Amino acid sequence: MNSIRLIVTDLDFTLLNEHFELSESTKEILSRILESGVEFVPCSSRPLSEIPQWLRQQKKIRWIVTANGGLIVDNQTGETLVSNTLPASKAKALLTLAEPMNPHWSCLIEGHLHSHLAILDDRKALKIAGSYLENILKNRIWESGKDFLDTLPDAQIAKIHFITSRDFPEKKQALIDLLSQEKEISLTSSHPSNLEILHPLANKGDAVRWVMQQLNCTPEEAVACGDNANDLPMLQAVYHSVAVANATDEVLAMARHHALSHREDGAAKMMEQLLGQA
């Protein structure tokens, strides 16, 4: 077996536990991986500002992939190395189109999510509570409507993120049907209750291939861990594809390795197991 040189992983519902945190056990495993010299790259739909601080503080993490591959950031300097974004005018047009169906949106601009206040107004129906609510209250910029984009005409939007109610999946599907008719965008989802709009070249697979190119790394030398549809391009880019037990059926079906769930530190344990076999 070829030596493993690169590990990339999704965060929410994969590496992070049910409290959206890194468990102490996972931190210990990641510390050992980083000390071993293996390149470790978080690859998330989150903005940089909402990547767990522990990860951002690790000097041996060189790159962080955010916005589902829309942005690749140098973790040491904060410099954006790869950017695939939508112009503000396109973002506003999409928000206008979707607004009658779903006003619960966020726009990722320069590492921060600008979110519609409707998300807070309807947080009970959207089941936003606990540590997740605390996190978004602290880290997001709250907007009264989409017109804030008029004050940022040169802004580049890394993603538009809609929250939907998991109790009414037909509403999410209706939003997908509406937006799938639009040109020059791509749609993906990182959770049953969200929908994300991206630049057509933004995806985790291309981001991972960029990292592999920097390292001159082959697919056989790389591991990727994920749980949902937005992780599929990343899992397909490597040989050692890992699905956590709580992953979607589609992800479980295509993954080469199956790990315990995110509640059981499954991703981190599988990373260490694969390194032990390499």
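Look up a bit, the structure's there.
All of these numbers come straight from a predicted model, not from anything done at the bench.

Q: Mind showing me how you'd approach the packing of helix H2 (residues 24-36) against helix H11 (residues 266-277) here?
A: In helix packing, the relevant descriptors are the interaxial angle and the interaxial distance, both defined with respect to the helix axes. One way to put it is that H2 packs onto H11 with a least axis distance of 9 Å and a crossing angle of 30°. When the axis of H2 is compared with that of H11, the two are roughly parallel. In this structure, H2 crosses over H11, and the sense of that crossing is left-handed. In contact with Thr26, Ile29, Leu30, Arg32 and Ile33 of H2, H11 contributes Ala268, Lys269, Met271, Glu272 and Leu275.

Q: Explanation requested: helix H8 (residues 204-215) in the structure shown.
A: Structural remark: α-helix, 3.6 residues per turn; residues separated by three or four positions point the same way. Taking 1.5 Å per residue, 12 residues should reach 16 Å; H8 reaches 17 Å between its end C-alpha atoms and fits that length. Where H8 is concerned, the buried positions are Lys204, Gly205, Ala207, Val208, Val211, Met212 and Leu215. Burial along H8 is one-sided: seen end-on, the buried residues are contained in an arc of 165°. On its buried side, H8 packs onto strand E1 (6-9), strand E2 (39-42), strand E3 (63-66), strand E4 (71-74) and helix H9 (232-236). Looking at where H8 begins, the residue whose side-chain oxygen comes 2.9 Å from the main-chain nitrogen of Gly205 is Asn203. Following H8 by one or two positions, Asn216 adopts a phi angle in the positive range, close to 55°.

Q: Hey, could you run me through the packing of helix H4 (residues 88-98) against helix H7 (residues 169-179) in this one?
A: Where H4 meets H7, the axes come as close as 11 Å, and the angle between the chain directions of the two elements is 130°. Put simply, H4 runs oblique to H7. The interaxial crossing formed by H4 with H7 has right-handed handedness. On the side of H4, the interface is formed by Leu94, Leu97 and Ala98, while H7 contributes Leu175, Leu178 and Leu179.

The rules we used
- Residues numbered from 1 in each chain as written.
- Predicted model: local features only at pLDDT ≥ 70, side-chain atom pairs only at ≥ 80, totals over all residues.
- Heavy atoms only, no water.
- Axes fitted to C-alpha atoms, helices over the stretch in contact; angles between N-to-C directions.
- Helix = DSSP H or I, 4+ residues; strand = E, 2+ residues; numbered from the N terminus.
- Parallel < 35°, antiparallel > 145°, perpendicular 65-115°, else oblique.
- Left-handed = near helix turned anticlockwise from the far one by under 90°.
- Contact = heavy atoms within 4.5 Å.
- Expected span 1.5 Å × (residues − 1).
- Buried < 20%, exposed > 50% of the residue type's maximum accessible area, 1.4 Å probe, protein only.
- Arc of directions from axis to C-beta.
- Polar contact = N/O pair within 3.5 Å; in protein donor to acceptor, adjacent residues only side chain to side chain.

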